[in-house]
Amino acid sequence: SKMHFIFSDKVVLLFDFWSVHSPAGMALSVLVVLLLAVLYESIKVGKAKLLYQAAVSMSIPTIQLTEETDQDSLGSDSAPVSRTHLRWFFFHFGQSLIHVIQVVIGYFMMLAVMSYNTWIFFGVIVGSAVGYYLAYPLLSTV
């Protein structure tokens, strides 16, 4: 196996069935890898935004719960506490699934680059740049 980048329209990417033998196939493969990189950057930014929104939404019921507990009897706060813990569990579980998807896409991109095909490498780099450019402004809308 060659350990240097080459310009070629022939490559096998990730799986045996993803075998490229033509310029059109290479262009399509570069587009797919580029879109994977855009998706990766979008997930990364979206995960940060979701984490911030969840932290804000989880802290509000806790503050309200403290005020209600001071006014009401001591035994009435167990249901809201368990509901808050349940919401946190589902949020954390969802964030974990999103993280696993992000890691899988990241490793797919890394393995695609390790084909040492220059076109695929450019697809990953341009996709990362485009994805970051499109997704990063979403962080300011938090």
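In the block above lies the structure referred to throughout.
Let me begin by describing the structure that accompanies this report. On a predicted model such as this, the values are computed, not experimentally measured, just so you know.

### Here we look at the overall build of the protein
Then, number 1: Of regular secondary structure, the protein possesses 3 helices and 2 strands.
Then, number 2: Along the protein, helices (α) and strands (β) appear in the sequence β-β-α-α-α when read from the amino end.
Then, number 3: Within the span of the protein, comprising 142 residues, buried residues form 27% of the whole.
Then, number 4: Considering only contacts within the protein whose residues lie at least 6 apart along the sequence, 74% involve residues at least 24 apart.
Then, number 5: For the protein, the computed accessible surface area is about 9500 Å², with 72% contributed by carbon and sulfur atoms.

### Comments concerning the environment of Thr118
Then, number 1: Relative to the helices and strands, Thr118 is located in helix H3 (residues 118–139).
Then, number 2: The sequence separation of Thr118 and Phe5 amounts to 113 residues, and the corresponding C-alpha distance is 5.6 Å.
Then, number 3: Among residues more than four places away in sequence, those in contact with Thr118 are Phe5, Ile6 and Phe7.

### Side note on the packing of aromatic side chains
Then, number 1: Evaluated as defined, the whole model comprises 12 aromatic pairs.
Then, number 2: Plain terms: the ring middles of Phe15 and Phe17 are 5.3 Å apart, the flat faces sit at 0 degrees to each other, and that makes the pair stacked.
Then, number 3: Judged by its relative accessible area of 37%, Phe15 falls in the partly exposed class.
Then, number 4: The exposed category is assigned to Phe17, whose relative accessible area is 71%.
Then, number 5: Judged by centre distance (6.1 Å) and plane angle (45 degrees), the rings of Phe121 and Phe122 are tilted.
Then, number 6: For Phe122, a relative accessible area of 39% gives the class partly exposed.
Then, number 7: Through successive ring pairs, a cluster of aromatic residues spans Phe5, Phe7, Tyr116, Trp119, Phe121 and Phe122.

### What about the pattern of salt bridges?
Then, number 1: For the coordinates displayed, the defined rule picks out 2 salt bridges.
Then, number 2: Note that Glu41 and Lys44 form a salt bridge whose closest N and O atoms lie 3.1 Å from each other. Of this pair, Glu41 and Lys44 are both found in helix H1 (residues 23–71), 3 residues apart, which corresponds to roughly one turn of the helix.
Then, number 3: In this structure Glu41 comes out as buried when scored by relative accessible area, which is 7%.
Then, number 4: We classify Lys44 as partly exposed; its relative accessible area is 36%.

### Here we look at the side chain of Lys47
Then, number 1: Relative to the helices and strands, Lys47 resides in helix H1.
Then, number 2: One buried charged residue, Lys47, forms no salt bridge at all, with the nearest opposite charge on Glu41 at 11 Å.
Then, number 3: The contacts of Lys47, once residues within four sequence positions are left out, are Gln95, Ile98, His99 and Gln102.

### Describing the nonpolar core
It is characteristic of soluble globular proteins that their nonpolar side chains tend to be buried jointly.
Then, number 1: In this structure, Leu13, Met26, Val33 and Ile120 are the most contacted members of the largest nonpolar core, which totals 16 residues.
Then, number 2: With 6 residues, H1 is the largest single contributor of residues to this core.
Then, number 3: Other than its neighbours up to four places away in sequence, Leu13 contacts Trp18, Ser29, Ala112, Ser115 and Ile120.

### Regarding unusual backbone geometry
Then, number 1: With phi around 65 degrees, Leu14 is a residue other than glycine that occupies positive phi space.
Then, number 2: Although it is not a glycine, Tyr116 sits at a positive phi angle of roughly 60 degrees.
Then, number 3: Examined against the element boundaries, Tyr116 turns out to sit in the loop between helix H2 (78–113) and H3.

Conventions and cut-offs
- Residues numbered from 1 in each chain as written.
- Predicted model: local features only at pLDDT ≥ 70, side-chain atom pairs only at ≥ 80, totals over all residues.
- Heavy atoms only, no water.
- Helix = DSSP H or I, 4+ residues; strand = E, 2+ residues; numbered from the N terminus.
- Buried < 20%, exposed > 50% of the residue type's maximum accessible area, 1.4 Å probe, protein only.
- Contact = heavy atoms within 4.5 Å.
- Areas by Shrake-Rupley, 256 points an atom, 1.4 Å probe, with all protein chains shown as cover.
- Phe/Tyr/Trp six-rings, centres within 6.5 Å; stacked < 30°, edge-to-face > 60°.
- Salt bridge = Lys/Arg side-chain N within 4 Å of Asp/Glu carboxyl O.
- Lys, Arg positive; Asp, Glu negative; His and termini not counted.
- Core = buried A, V, L, I, M, F, W, Y, C linked by side-chain atoms within 4.5 Å.

This is a description of form; function is not addressed.
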